Amino acid sequence: MLQRGVWAGANLSSFAQASTALKMLADIDLSAKQVRRITQQVGQDRLSEREQQVARFQERPLMERVTSPAAAPAPEVGVVMLDGGRYQRRDHFGDEQYTGSHWKEDKVGVVLHMTSEVHGNDPHPEFPEWLASADVVREIAALGTLDPEKSGVFEPLADLSNPRPNPQQQTSGWSEFAPELVSREVIASSECGEDFGHHLEHTAWQQGVVDAPRMAFVADGASVNWTIHRRHFSQMTGILDLMHALSYAWKAAKACNDQVAYKCWATGIWQGRVTEVITELRTRLTDESIAVEDREAVQRAVTYYQHHCSRMDYPCYRQQGLPLTSSHMESTIKQINLRLKGSEKFFRKDTGETMLQLRADSLSDSQPLQSFWSRWLNQQSGANAYRKQSA
């Protein structure tokens, strides 16, 4: 009963829904308050265990941290991805002096085992037509737009106002050469970037990823991501998420009101000709027919590409069978958000942290909660103490 109650509390949309589901599906009578209490108590124990595991990992000598334990087989391709999400906190409720936002950032990471082929050269040098009309590029671009009047569809780019492309168009493109997912481990926390870096490094070590013959670290351009890469995963090939890279070209083309520019720049990015794209963008900065405020979007694209050009060698990544996008990361954040994010959902910091831990555990293919339960139940019954005395 306890395990079912905690699972329901951590994975269904609310404690009230968990209470109803337990009654309807398992004939278990637990109020929403009881579900919340056991989920928080067990979740705190699981969180404490994880923190101790990471602390012990940090104490290991460097050479032990870069070689995975014998029980963890190395994947063909080892991949680490991370990104940020948000959920609402209530720690400040009752503080009349507080003027900040309810929304606070959390961090989510995935450690992936993948499989793919290494090719003699770029298996797909042609820019996929479906990417010229990919809704996701426009959506990512709109996230960075503060002016609601400028966040809509860029109508002059006819290709970009098309509906979402047919899945058959996508599978006939580069995705047939993309690495296939074998397994996924998920971590989530609101801890600071440095602590999260240690947490993610421990998970990668635990899963054998650090011994993979091919390794990739895929993320968007946020500085915290690349600080974690530099400090904890410098042995991995750093890859800027392709969709974020294309979104800057989209915003720049929209600012220039140029029907052809987006596809031209996107093709250059796809083919690894980032320097040429930067040169072309710079010429637009001197075009007086473009409004000053619109030229700011062009300048942001130039700065972004200059900063990340070493992580944009997409032809090489395709040749090596490495992932180009953080799509697995984006879908994982949506799954985390199903439990934690909502206009009427508020958590204290400690409760939010335990919920992030339990939700991430539930989404991990290794199902770490299963082994945790046996350890936790032994501790409750005193069996561990008895074994120590008998040894």
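Attention in this report is confined to the structure presented alongside it. Just so it is clear, the structure is predicted and the values come from calculations on it, not from any experiment. (Residues numbered from 1 in each chain as written. Predicted model: local features only at pLDDT ≥ 70, side-chain atom pairs only at ≥ 80, totals over all residues. Heavy atoms only, no water.)

### Considering the overall build of the protein
Part 1 of the reasoning: Regarding its fold elements, the protein presents 17 helices and 5 strands.
Part 2 of the reasoning: Burial status across the protein gives 50% buried among its 391 residues.
Part 3 of the reasoning: Residue pairs in contact within the protein that sit at least 24 positions apart in sequence constitute 75% of those at least 6 positions apart.
Part 4 of the reasoning: Of the accessible surface of the protein, which amounts to about 19,200 Å², a share of 50% is contributed by carbon and sulfur atoms. (Helix = DSSP H or I, 4+ residues; strand = E, 2+ residues; numbered from the N terminus. Buried < 20%, exposed > 50% of the residue type's maximum accessible area, 1.4 Å probe, protein only. Contact = heavy atoms within 4.5 Å. Areas by Shrake-Rupley, 256 points an atom, 1.4 Å probe, with all protein chains shown as cover.)

### Describing the pairing of strand E3 (residues 180-189)
Part 1 of the reasoning: The buried fraction of E3 is high, at 7 of 10 residues.
Part 2 of the reasoning: For strand E2 (residues 103-115) and E3, the ladder comprises 9 bridges, and the chain directions are antiparallel. Its bridge partner lying in E3, Lys-107 is registered against Ser-189. (Pairing = 2+ DSSP bridges.)

### What about a nonpolar patch on the surface?
Part 1 of the reasoning: A contiguous nonpolar surface patch, about 310 Å² in accessible area, is contributed by Leu-62, Met-63 and Val-66.
Part 2 of the reasoning: Tracing the backbone through its elements, the reader meets Val-66 in the loop between helix H4 (62-65) and strand E1 (77-88).
Part 3 of the reasoning: Taking relative accessible area as the criterion, Val-66 reaches 35% and is therefore assigned partly exposed. (Patch = residues over 30% accessible without salt bridge, like charges linked within 9 Å, V, L, I, M, F, W, Y side chains within 5 Å. Salt bridge = Lys/Arg side-chain N within 4 Å of Asp/Glu carboxyl O.)

### What about the side chain of Asp-361?
Part 1 of the reasoning: By the element assignment, Asp-361 lies in helix H15 (residues 349-363).
Part 2 of the reasoning: Residue class for Asp-361 comes out buried when judged on its relative accessible area of 4%.
Part 3 of the reasoning: Polar contacts involving the side chain of Asp-361 include one to the side chain of Arg-46, which spans 2.6 Å.
Part 4 of the reasoning: If we ignore the near neighbours within four places in the chain, the residues touching Asp-361 are Arg-46, Gln-367, Pro-368 and Leu-369. (Polar contact = N/O pair within 3.5 Å; in protein donor to acceptor, adjacent residues only side chain to side chain.)

### Some points on a positive patch on the surface
Part 1 of the reasoning: A cluster of basic side chains, namely Lys-33, Arg-36, Arg-37 and Arg-90, defines a positive patch on the protein surface.
Part 2 of the reasoning: Inspection of the secondary structure puts Arg-36 in helix H3 (residues 32-58).
Part 3 of the reasoning: What makes Arg-36 partly exposed here is its relative accessible area of 32%. (Lys, Arg positive; Asp, Glu negative; His and termini not counted. Charge placed at Lys NZ, Arg CZ, Asp CG, Glu CD.)

### Digging into the packing of helix H1 (residues 2-11) against helix H2 (residues 15-26)
Part 1 of the reasoning: Where H1 meets H2, the closest approach of the two axes is 8 Å, and the angle between their N-to-C directions is 135 degrees. What the angle tells us is that H1 and H2 run oblique. Of the two elements, H1 crosses H2, and the hand of that crossing is right-handed. Residues Arg-4, Gly-5, Ala-8 and Gly-9 of H1 form the contact with H2, whose participating residues are Phe-15, Ala-18, Leu-22 and Ala-26.
Part 2 of the reasoning: Looking at the contact of H1 with H2 residue by residue, the classes come out as 5 nonpolar, 2 polar and 1 charged. (Axes fitted to C-alpha atoms, helices over the stretch in contact; angles between N-to-C directions. Parallel < 35°, antiparallel > 145°, perpendicular 65-115°, else oblique. Left-handed = near helix turned anticlockwise from the far one by under 90°. Nonpolar A, V, L, I, M, F, W, Y, C, P; charged D, E, K, R; others polar.)

### Brief notes about the nonpolar core
Part 1 of the reasoning: Trp-265, Ile-269, Leu-281, Tyr-305 and Tyr-314 are the most contacted members of the largest nonpolar core, which totals 75 residues.
Part 2 of the reasoning: Examining the composition of this core, we find that 10 residues originate from one element, helix H9 (residues 242-256), more than from any other.
Part 3 of the reasoning: Sequence-distant contacts of Tyr-305, defined by excluding residues within four places in its chain, comprise Ala-245, Tyr-248, Ala-249, Ile-269, Val-274, Val-277, Ile-278, Leu-281 and Met-312.
Part 4 of the reasoning: Among the nonpolar cores identified, the runner-up in size contains 19 residues, and Phe-196, Ala-219, Phe-233 and Met-236 belong to it. (Core = buried A, V, L, I, M, F, W, Y, C linked by side-chain atoms within 4.5 Å.)

### So, the packing of aromatic side chains
Part 1 of the reasoning: Under the counting rule described, the total for this entry stands at 10 aromatic pairs.
Part 2 of the reasoning: Pairing Trp-373 with Trp-376 gives two aromatic rings, centres 5.5 Å apart and planes at 85 degrees, and the pair type is edge-to-face. Of the two residues, Trp-373 and Trp-376 both sit in helix H16 (residues 368-381), 3 residues apart, roughly one turn of that helix. Accessibility classification places Trp-373 together with Trp-376 in one group, the buried group. (Phe/Tyr/Trp six-rings, centres within 6.5 Å; stacked < 30°, edge-to-face > 60°.)

### Considerations on the packing of helix H7 (residues 193-206) against helix H8 (residues 223-232)
Part 1 of the reasoning: Where H7 meets H8, the axes come as close as 10 Å, and the angle between the chain directions of the two elements is 50 degrees. When the axis of H7 is compared with that of H8, the two are oblique. Between H7 and H8 lies a crossing of right-handed hand. Contact residues: H7 offers Gly-193, Glu-194, Phe-196, Gly-197, His-198 and Glu-201, while H8 offers Val-224, Ile-228, Arg-231 and His-232.
Part 2 of the reasoning: Split into classes, the residues belonging to the contact of H7 with H8 amount to 3 nonpolar, 4 polar and 3 charged.

### Details of helix H10 (residues 261-270)
Part 1 of the reasoning: Summarising burial for H10: 8 of the 10 residues are buried, a large majority.
Part 2 of the reasoning: For H10, the full list of buried residues reads Ala-261, Tyr-262, Trp-265, Ala-266, Thr-267, Gly-268, Ile-269 and Trp-270.
Part 3 of the reasoning: Just downstream of H10, Gly-272 is the residue with a positive phi angle, here 80 degrees.

### Some details on the sheet that holds strand E5 (residues 237-240)
Part 1 of the reasoning: With mixed pairing, 5 strands are arranged side by side in an open sheet as E3-E2-E1-E4-E5. Both edges of this open sheet fall to E3 and E5, since each of them pairs with a single strand only. For this sheet, the mean inter-axis angle between neighbouring strands, taken without regard to orientation, is 25 degrees.
Part 2 of the reasoning: Bridging between E1 and E2 involves 12 bridges; their strand directions are antiparallel. Paired with Arg-86 across the two strands is Glu-105, which belongs to E2.

### Notes on the pairing of E5
Part 1 of the reasoning: Bridging between strand E4 (residues 214-219) and E5 involves 4 bridges; their strand directions are parallel. Along E5, the bridge assignment pairs Ala-219 with Leu-240.
Part 2 of the reasoning: Read from E4 through H8 to E5, the crossover connection turns out right-handed. (Right-handed = clockwise from strand over helix to strand, strands pointing away.)

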